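Spelled out, the chains give:
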Amino acid sequence: MVFSAAEISALLQGEIVGNPETKVHTIAPIDKATKGSLSFLHNPKYFKFLAATKASIVLVPKNIDLPESPSTFIKLNDVYGAFSRLLSEVSEMQNHHPKGIEEGSFVHASARVGENSYVGAFAYVGENAKVGSGSKIYPGVYLGRNVEVGNNTILYPGVKVYTNCKIGNDVIIHSGTVIGSDGFGFVPQPDGSFQKMPQIGNVVIYDDVEIGANTTIDRATFESTIINKGAKLDNLIQIAHNVEIGHSTAVAAQAGISGSTKVGKYCLVGGQAGIVGHIEIADQSKIGAKAGIGKSIKQPNKGWSGRPAVEHIESLKMQAANKQLPDALRRLRELEKEIEVLKNKLK
Amino acid sequence: MVFSAAEISALLQGEIVGNPETKVHTIAPIDKATKGSLSFLHNPKYFKFLAATKASIVLVPKNIDLPESPSTFIKLNDVYGAFSRLLSEVSEMQNHHPKGIEEGSFVHASARVGENSYVGAFAYVGENAKVGSGSKIYPGVYLGRNVEVGNNTILYPGVKVYTNCKIGNDVIIHSGTVIGSDGFGFVPQPDGSFQKMPQIGNVVIYDDVEIGANTTIDRATFESTIINKGAKLDNLIQIAHNVEIGHSTAVAAQAGISGSTKVGKYCLVGGQAGIVGHIEIADQSKIGAKAGIGKSIKQPNKGWSGRPAVEHIESLKMQAANKQLPDALRRLRELEKEIEVLKNKLK
Amino acid sequence: MVFSAAEISALLQGEIVGNPETKVHTIAPIDKATKGSLSFLHNPKYFKFLAATKASIVLVPKNIDLPESPSTFIKLNDVYGAFSRLLSEVSEMQNHHPKGIEEGSFVHASARVGENSYVGAFAYVGENAKVGSGSKIYPGVYLGRNVEVGNNTILYPGVKVYTNCKIGNDVIIHSGTVIGSDGFGFVPQPDGSFQKMPQIGNVVIYDDVEIGANTTIDRATFESTIINKGAKLDNLIQIAHNVEIGHSTAVAAQAGISGSTKVGKYCLVGGQAGIVGHIEIADQSKIGAKAGIGKSIKQPNKGWSGRPAVEHIESLKMQAANKQLPDALRRLRELEKEIEVLKNKLK
């Protein structure tokens with residue numbers, strides 16, 4: 001694919017500084033770009049590379065001073081957003097849109113698949129399952145009995161959805177993710193063994209959710225495990241039974257959220273963070289990577305880190321203090337000796 | 001499904017206080033229940049909701065004082081166990097019992113599948129593999145050469161079992177879990193590269209084990225990686241080669257156990273905990289969430305937490321002390337100044 | 001399989017001490033071996049078991065003193081390497097070598113599969129995908145459009161490779177691993193919701209890489225996420241978009257590496273470690289289990305641990321100091337009292 005500065009500027013409603021005929025055929029970071037590349041400048045850390053970049057076209061913020069340069073610049077109000085729109089355009093051109101029921105798939109006689117949807121080979125659409133229109137059920141996906149999938153939703157190869165779970169519109173779920181496996185619930189018996197607590201609830205995923213690869217979302221013991229509208233979950237995340245993830249909350253890879261916990265709206269949960277069960281996390285909470293959250297967070301819009309987590313600013317102080325600790329212990333011993341000397345003198 | 005208090009009480013051998021004709025059609029937590037719901041009271045934290053609950057039927061412990069209420073109560077010796085039995089009953093009614101070899105599956109001519117078992121579409125039963133009776137091999141499951149699966153065992157969609165692994169009776173394995181992948185063993189070469197150490201052992205899973213979704217259990221280098229009877233493993237757990245998990249031990253999500261480690265019986269391992277290789281964990285050990293266990297635990301029936309893990313009670317003291325640390329450092333500097341003053345006075 | 005000491009010694013170019021006719025049919029650890037077993041002695045910790053072992057044959061280092069024993073010994077320059085070669089031989093005999101396109105697979109008309117390769121049932125080879133010669137595409141594998149797989153590469157059951165990704169020669173990828181899922185990139189909107197940043201790059205995996213089960217490697221936003229030659233990745237690892245893993249670097253299970261980070265050559269990354277995005281890790285770095293790496297590591301060949309990670313030796317000091325902390329706080333209070341007494345005396 002080849003684009004000219006004029007075409008890109010028109011698409012992104014920018015302002016060209018330089019030659020509108022300049023052409024690009026690839027995208028590269030500003031410090032590594034070669035002739036024929038498009039770059040963008042969003043993070044101020046990279047501003048220093050602007051003067052010397054070899055990129056043929058650079059998307060730049062409207063308000064910065066442009067250097068003398070053979071590059072063509074396109075000034076934009078929101079570089080990151082504009083770059084995202086450009087990638088969407090390229091992505092749209094690259095993507096094929098498979099449609100129809102591919103040979104080798106299994107669609108139960110009682111199941112319904114809407115118009116313009118795709119069901120790939122080796123995909124399994126179970127008894128009474130419903131798939132809306134414009135959705136893509138890639139090869140090897142499994143939809144159990146009574147599963148409902150909305151419109152324009154994409155389930156990538158190998159996604160498994162257990163019986164009775166519901167997935168909304170415009171949802172994206174990546175390969176290997178499991179929706180609706182049994183919650184981890186057992187009743188300890190007097191002899192130390194476990195009796196399984198049946199898990200008869202389901203999982204409900206609302207519109208505009210995206211879920212990464214190999215994530216697991218357990219069904220509720222009863223009622224529903226819920227992923228609210230616009231939430232974004234990364235890869236390899238554990239969502240236990242009866243958890244609720246709030247609207248437009250983002251959870252990074254390998255985080256784990258234990259049973260019945262409710263995470264608020266607009267929260268950010270860092271990678272490898274862990275949240276215990278049966279608590280509530282206030283809206284707009286920012287939980288650091290690897291943090292361990294052991295009790296409810298009641299004040300919204302605060303940062304938390306460490307294990308057990310404290311407010312982020314406290315955590316930084318504790319970390320700094322910890323580095324001084326071996327030396328502090330030495331000084332403490334020193335003081336003890338000195339005070340002994342003084343005490344003897346004053347006897 | 002609609003149940004009356006009389007029916008439920010008969011099933012659970014309880015004692016009705018209220019109207020035996022009261023009917024319920026759903027299950028809900030006691031603080032959110034509406035008319036037509038069944039609730040249960042197990043955790044004392046929730047006792048305060050009993051008087052005001054709108055639940056039509058509530059399962060309650062035998063020995064508590066019942067409030068004036070329009071609800072019907074069923075008194076029970078063991079509310080949680082009884083509730084579990086009730087869910088089993090509902091679950092049994094909800095579940096269909098697929099049977100037979102579904103069209104589109106692959107069963108090798110030399111493989112054997114027992115009576116009343118199910119092999120779903122796109123499931124692969126390899127050369128010389130054996131499946132017992134009453135087992136369910138859901139769509140997309142892979143059983144390699146010589147794999148053995150016992151009776152009444154359920155392998156949910158997409159479970160993969162490599163060559164020579166053995167799975168007992170009444171086992172449940174959830175979607176995406178991998179049994180028998182190669183252990184992570186490499187011989188470092190003089191040039192810094194790695195030579196693969198072949199992994200010719202297998203995995204043996206005994207009866208009554210349940211394993212969650214997307215967990216991985218590597219085959220032994222030689223001999224067997226072993227999951228003993230009644231052990232329960234959650235989602236996204238890593239079990240490395242030659243590990244042994246003890247009888248009725250429960251491991252929570254995202255925990256990882258390194259090579260050749262032996263975890264005892266009746267242990268609890270918390271979420272995201274990590275255990276290094278080549279050690280032994282005594283029976284009934286309780287390992288906290290996110291704990292890092294770096295050496296063998298020899299005394300049984302103790303709690304451990306932190307990284308590196310110490311006894312739980314010590315860990316709590318260290319955590320409390322850590323919070324005071326920034327202030328303690330300030331006080332230490334203060335003392336150093338004061339002692340300097342005293343020393344000068346006494347010169 | 002039965003081997004004689006003479007056969008094993010010839011294969012491994014060792015020197016027999018004892019009866020060359022001694023036969024073994026299994027492999028066992030030296031402290032648990034019974035008659036008919038082969039054992040090996042590599043770790044000095046186990047030397048004490050040599051005199052009493054019941055193993056019929058023991059592989060031993062050339063330079064150790066052999067006890068009086070009914071066992072037959074084979075002296076070797078490099079016991080571990082020799083044992084690895086022996087396992088390879090056994091593994092080779094155990095393995096069958098499936099070939100050809102198995103019935104029930106899907107190979108797009110435009111795809112190409114090389115000589116002596118295997119495509120299992122329910123494997124999907126998409127439009128314009130290419131598989132080299134001698135490779136094994138096991139049942140349930142998905143290769144998207146334009147995917148390229150080299151020669152003698154093994155993709156175990158259920159591996160998913162998204163569009164445009166490239167996999168080299170002699171690569172092994174275990175079940176359930178996902179290559180090329182979308183990076184976790186979203187543009188926050190003024191209303192707090194997220195707009196998806198399209199991910200149009202790919203993943204490139206070079207020769208001799210091995211990747212464990214249920215690991216996820218996201219495609220680059222643009223350009224490539226790269227796993228260099230000879231790198232070894234364990235199970236359940238998260239590799240985010242635009243990451244680069246260096247030549248012959250080994251990453252243990254459940255580690256996570258965030259977006260755009262570049263890990264050097266010959267590094268070791270411990271289990272459950274986390275590395276933030278947009279940093280560089282120097283060659284030969286050794287990162288401890290559960291470590292949290294928050295900034296670039298510039299000096300090569302050092303060990304790091306803790307969270308936030310410090311040099312390993314510092315981390316050990318901090319851990320030791322931490323254990324003394326509750327007591328140190330008590331001593332600090334003591335000193336404060338004593339100094340108060342002294343100050344009063346000197347008033």
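Residues numbered from 1 in each chain as written. Chains lettered and ligands numbered in written order. Predicted model: local features only at pLDDT ≥ 70, side-chain atom pairs only at ≥ 80, totals over all residues. Heavy atoms only, no water.

**Digging into the interface of chain C and chain A**
Here's step 1: The interface of chain C with chain A comprises 65 residues on the first partner and 65 residues on the second.
Here's step 2: Both sides together, the interface formed by chain C and chain A hides about 5,300 Å², and carbon and sulfur atoms give 65% of it.
Here's step 3: Taken together, the connections running from chain C to chain A amount to three salt bridges.
Here's step 4: For Lys343 of chain A, the salt bridge goes to Glu338 of chain C, with nearest N and O atoms at 3.3 Å.
Here's step 5: Every element with two or more residues in the side of chain C that touches chain A is listed here: β21 (178-181), β22 (186-188), β23 (194-196), β26 (216-218) and α3 (312-346) of chain C.
Here's step 6: With 15 residues, the single largest contributor to the side of chain C that touches chain A is α3 of chain C.
Here's step 7: By residue class, the composition of the side of chain C that touches chain A is 31 nonpolar, 20 polar and 14 charged. (Contact = heavy atoms within 4.5 Å. Buried area = accessible area lost by both parts, 1.4 Å probe. Salt bridge = Lys/Arg side-chain N within 4 Å of Asp/Glu carboxyl O. Helix = DSSP H or I, 4+ residues; strand = E, 2+ residues; numbered from the N terminus. Nonpolar A, V, L, I, M, F, W, Y, C, P; charged D, E, K, R; others polar.)

**Considering the sheet that holds strand β13 (residues 130-131) of chain C**
Residue and element names in this part refer to chain C.
Here's step 1: If you walk across this open sheet you meet the nine strands as β10-β13-β16-β19-β24-β27-β30-β33-β36, and the pairing is parallel. Edge positions in the open sheet fall to β10 (112-113) and β36 (280-281), since each of these has one partner strand only.
Here's step 2: Direction of pairing for strand β30 (residues 244-245) relative to strand β33 (residues 262-263): parallel, over a ladder of two bridges. The partner of Ile245 across the bridge, within β33, is Val263. (Pairing = 2+ DSSP bridges.)

**Here's the deal with the packing of helix α1 (residues 5-12) of chain A against helix α2 (residues 79-94) of chain A**
Residues and elements named next belong to chain A.
Here's step 1: Interaxial distance between α1 and α2 falls to 10 Å at its minimum, and their mutual angle equals 110 degrees. Relative to α2, α1 is oriented roughly perpendicular. Where α1 crosses over α2, the handedness of that crossing is right-handed. Across the interface between the two elements, Ile8, Leu11 and Leu12 of α1 pack against Ala82, Arg85, Leu86 and Glu89 of α2.
Here's step 2: Here the residues of the contact of α1 with α2 sort into five nonpolar, no polar and two charged. (Axes fitted to C-alpha atoms, helices over the stretch in contact; angles between N-to-C directions. Parallel < 35°, antiparallel > 145°, perpendicular 65-115°, else oblique. Left-handed = near helix turned anticlockwise from the far one by under 90°.)

**Digging into the sheet that holds strand β20 (residues 172-173) of chain C**
Adjacent strands of a sheet pair through backbone hydrogen bonds, lying either parallel or antiparallel.
All names here are of chain C.
Here's step 1: Ordered in space as β8-β11-β14-β17-β20-β25-β28-β31-β34-β37-β39-β40, the twelve strands form an open sheet in which the pairing is mixed. Every interior strand has two partners, whereas the edge strands, β8 (100-101) and β40 (310-311), have only one.
Here's step 2: Pairing between strand β17 (residues 154-155) and β20: two bridges, direction parallel. Within β20, the position partnered with Leu155 by the bridge is Ile173.

**Examining the environment of Val119 of chain C**
Residue and element names in this part refer to chain C.
Here's step 1: Structurally, the position occupied by Val119 is in strand β11 (residues 118-119).
Here's step 2: Residue Val119 is classed as buried on the basis of its relative accessible area of 0%.
Here's step 3: The spacing of Val119 and Asp218 is 99 residues in sequence and 24 Å in space, taken between C-alpha atoms.
Here's step 4: Here Val119 is in contact with Gly100, Ile101, Glu102, Ser105, Val107, Val113, Val125 and Ile137, once residues within four sequence places are set aside. (Buried < 20%, exposed > 50% of the residue type's maximum accessible area, 1.4 Å probe, protein only.)

**Remarks on the domain arrangement of chain A**
Often, the extent of an interface is quoted as the loss of accessible area on bringing the components together.
Here's step 1: Considered domain by domain, chain A is made up of domain 1 (3-94) and domain 2 (100-311).
Here's step 2: Each of domain 1 of chain A and domain 2 of chain A has a C-alpha centre, and these two points are 37 Å apart. (Domains from an automatic or database assignment.)

**Re helix α2 (residues 79-94) of chain B**
Here's step 1: A rise of 1.5 Å per residue sets the reference length of α2 of chain B, with its 16 residues, at 22 Å; its end C-alpha atoms lie 22 Å apart and thus fit the reference within 8%.
Here's step 2: When α2 of chain B is considered as a whole, its buried residues turn out to be Val79, Gly81, Ala82, Phe83, Ser84, Leu86, Leu87, Val90 and Ser91 of chain B. (Expected span 1.5 Å × (residues − 1).)

**Description of the side chain of Thr216 of chain A**
Here's step 1: Within the secondary structure layout, Thr216 of chain A lies in strand β26 (residues 216-218).
Here's step 2: Accessibility expressed as a relative area gives 0% for Thr216 of chain A, which makes it buried.

**Concerning the relation of the copies chain B and chain A**
Here's step 1: Take chain B, turn it by 120 degrees, move it 0.0 Å along the axis, and it overlays chain A with an RMSD of 0.1 Å. The symmetry that links the two subunits is that of a three-fold axis. (Least-squares fit on C-alpha atoms with pLDDT ≥ 70 in both.)

**Here we look at the interface of chain B and chain A**
Here's step 1: Between chain B and chain A, the contact holds 65 residues from the first and 65 residues from the second.
Here's step 2: Buried area between chain B and chain A, summed over both chains or domains, comes out near 5,200 Å², and the portion from carbon and sulfur atoms is 65%.
Here's step 3: Looking at the side of chain B facing chain A, the largest losses of area belong to Phe122, Lys290 and Leu346 of chain B, adding up to 11% of the total buried there.
Here's step 4: Summed over the shared surface of chain B and chain A, the result is three salt bridges.
Here's step 5: Our count for the contact surface shared by chain B and chain A stands at 21 residue pairs in polar contact (both at pLDDT 80 or more).
Here's step 6: Among the elements of the structure, α2, β28 (232-233), β31 (250-251) and α3 (312-346) of chain B are those that each provide at least two residues to the side of chain B that touches chain A.
Here's step 7: The element contributing the most residues to the side of chain B that touches chain A is α3 of chain B, with 14 residues.
Here's step 8: For the side of chain B that touches chain A, the per-class residue count stands at 33 nonpolar, 20 polar and twelve charged. (Polar contact = N/O pair within 3.5 Å; in protein donor to acceptor, adjacent residues only side chain to side chain.)

**Here's the deal with the pattern of salt bridges**
Here's step 1: All told, the structure shown has 33 salt bridges over all chains when counted by the stated rule.
Here's step 2: Glu336 of chain B is the salt-bridge partner of Arg331 of chain A, the closest N and O atoms lying 2.7 Å from each other. You can see Arg331 of chain A sitting in helix α3 (residues 312-346) and its partner Glu336 of chain B sitting in helix α3, one on each of two chains.
Here's step 3: By relative accessible area, which is 14% here, Arg331 of chain A ends up buried.
Here's step 4: You can call Glu336 of chain B partly exposed: its relative accessible area is 23%.
Here's step 5: Asp327 of chain B serves as the salt-bridge partner of Arg331 of chain B, at 3.8 Å between the closest nitrogen and oxygen. One end of the pair, Arg331 of chain B, and the other, Asp327 of chain B, are both in helix α3, four residues apart, so they sit about a helical turn from each other.

**Topic: the packing of aromatic side chains**
Here's step 1: Under the counting rule described, the total for this entry stands at 39 aromatic pairs over all chains.
Here's step 2: Ring geometry for Phe83 of chain A versus Phe222 of chain C: centroids 5.5 Å apart, planes at 75 degrees, classification edge-to-face. Taken together, the positions of Phe83 of chain A in helix α2 and Phe222 of chain C in the loop between β26 and β27 (224-227) put the pair across two chains.
Here's step 3: Overall, Phe83 of chain A belongs to the buried group, its relative accessible area being 1%.
Here's step 4: Judged by its relative accessible area of 11%, Phe222 of chain C is buried.
Here's step 5: Summarising the aromatic geometry, the rings of Phe184 of chain A and Phe186 of chain A are spaced 5.1 Å apart at their centres and angled 80 degrees between planes, so their arrangement reads as edge-to-face.
Here's step 6: Taking relative accessible area as the criterion, Phe184 of chain A reaches 24% and is therefore assigned partly exposed.
Here's step 7: Relative accessible area serves as the criterion here: at 12%, Phe186 of chain A is assigned to the buried category.
Here's step 8: Each member of the aromatic cluster is reached from another via a ring pair, and the members are Phe40, Tyr80 and Phe83 of chain A together with Phe222 of chain C. (Phe/Tyr/Trp six-rings, centres within 6.5 Å; stacked < 30°, edge-to-face > 60°.)

**Examining the environment of Lys302 of chain B**
All names here are of chain B.
Here's step 1: By the secondary structure assignment, Lys302 is in the loop between β38 (292-293) and β39 (303-305).
Here's step 2: Lys302 sits 17 residues away from Ser285 along the chain, and the two C-alpha atoms are 5.2 Å apart.
Here's step 3: Sequence-distant contacts of Lys302, defined by excluding residues within four places in its chain, comprise Gln284, Ser285, Lys286 and Glu311.

**What about the pairing of β27 of chain C?**
Both faces of the sheet carry side chains from a regular strand, because those side chains alternate between them.
Residue and element names in this part refer to chain C.
Here's step 1: In terms of strand pairing, strand β24 (residues 202-205) meets β27 through four bridges, oriented parallel. Residue pairing in the sheet places Val203 in a bridge with Thr225 of β27.
Here's step 2: In this structure, β27 lies alongside β30, joined through two bridges in parallel fashion. Looking at β30, one finds that Ile226 is bridged to Glu244.

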